[in-house]
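Letter by letter, the chains look like this.
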Amino acid sequence: MAIVTFVLGNSGSGKSYSMHNLDPKHCAMINVMGKRLPFRGGNNIRSVNADNAYWINENLPAFKCPIVVIDDFQYIMANEFMRGVTDEGGGNSVFQRFNRIGQNAWNILTTAINNMGPDQRVYILSHIEETDGKTKIKTMGKMLDDKIVLEGMVTIVLQTTIRNGENFFMTKNDGTTTVKTPHEMFNSELIPNDLNAVDDAICDFYGIEKTQKQQAQTA
């Protein structure tokens, strides 16, 4: 099973930009919305545009590079919902559609990622929503909100924040987020929004050798 990290935040808060120091030879991206990355050289990162959950579930284990980023994860769910808004049927079919959307997101975090290598790192970038004064990953429907806590399925959850005009990741929960990181993985409650530095910290913490970290394979 790959090591999964959620990177959560509002639009424009630095999630996609955090990829700017990743070595394009050692990573690949599933670009859910097909957007251009917001930094020079972003087009050098190997990328496939895909928002179909079934395709992602089937093909994610075939990505053999050390680092895989799924950008705009929430739109996997939202796009599937929007494509079905004109479907005919009663409340039953709508209920089934929400359940299917929830199951597809769950499958990505279980079946697909379970079939990846144990030293691979998957970074899931997603928007947040506020519920009862607390921010969490943005989802679709009650199945995910009531039955499953997506953040509970991973060990590392970072969230973007902007302080004095600078972009950071939060590494410690202040009671209003779902942020969490293993004890002593990071030395500060705020770190630069740099996925390459995050990846270095994760590899160091879990004892992934540098040669393994830099091993470039075809995605």
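Remember, predicted model here, so these are calculated numbers, not experimental data.

Calculation criteria
- Residues numbered from 1 in each chain as written.
- Predicted model: local features only at pLDDT ≥ 70, side-chain atom pairs only at ≥ 80, totals over all residues.
- Heavy atoms only, no water.
- Pairing = 2+ DSSP bridges.
- Helix = DSSP H or I, 4+ residues; strand = E, 2+ residues; numbered from the N terminus.
- Axes fitted to C-alpha atoms, helices over the stretch in contact; angles between N-to-C directions.
- Contact = heavy atoms within 4.5 Å.
- pLDDT = per-residue confidence, 0-100.
- Salt bridge = Lys/Arg side-chain N within 4 Å of Asp/Glu carboxyl O.
- Buried < 20%, exposed > 50% of the residue type's maximum accessible area, 1.4 Å probe, protein only.
- Polar contact = N/O pair within 3.5 Å; in protein donor to acceptor, adjacent residues only side chain to side chain.

### So, the pairing of strand β9 (residues 166-170)
Pairing geometry for strand β8 (residues 156-163) and β9, over five bridges, is antiparallel. Bridging from a neighbouring strand, I162 pairs with N167 of β9.

### A few points about the sheet that holds β8
Here eight strands make up an open sheet; going across it, the order is β3-β2-β4-β5-β1-β8-β9-β10 and the pairing mixed. Both edges of this open sheet fall to β3 (46-49) and β10 (190-192), since each of them pairs with a single strand only. Averaged over neighbouring strand pairs, the angle between their axes works out to 25° when direction is ignored. By the bridge criterion, five bridges tie strand β2 (residues 27-31) to strand β4 (residues 67-71) in an arrangement that is parallel. Within β4, the position partnered with A28 by the bridge is V68. Its contacts with the sheet place helix α5 (residues 195-206) against β1 (3-8), β4, β5 (121-126), β8, β9 and β10, and it is angled at close to 140° to β5.

### Overview of the confidence of the model for the protein chain
Within the protein chain, residue pLDDT values average 88, and 89% of them lie at 70 or more. Between residues 215-219, whose pLDDT stays under 50, and residues either more than four places distant or in other chains, the model counts 15 contacts.

### Some details on the pattern of salt bridges
Applying the stated criterion across every chain yields a total of seven salt bridges. Between D72 and K35 there is a salt bridge, with its nearest N and O atoms 3.1 Å apart. Here D72 is found in the loop between β4 and α2 (74-83), whereas its partner K35 is found in the loop between β2 and β3, with 37 residues between them in sequence. Here D199 and R121 are joined by a salt bridge, their closest N and O atoms 2.8 Å apart. Placement of the pair is D199 in helix α5 and R121 in strand β5, with a sequence separation of 78 residues. Both residues of the pair, D199 and R121, belong to the buried class.

### Considerations on the side chain of T177
Here T177 lies in the loop between β9 and β10. We classify T177 as buried; its relative accessible area is 3%. Polar side-chain contacts of T177 include one of 3.2 Å to the backbone nitrogen of V179. Not counting residues up to four positions away in its chain, the partners in contact with T177 are K134, T135, Q159 and M170.

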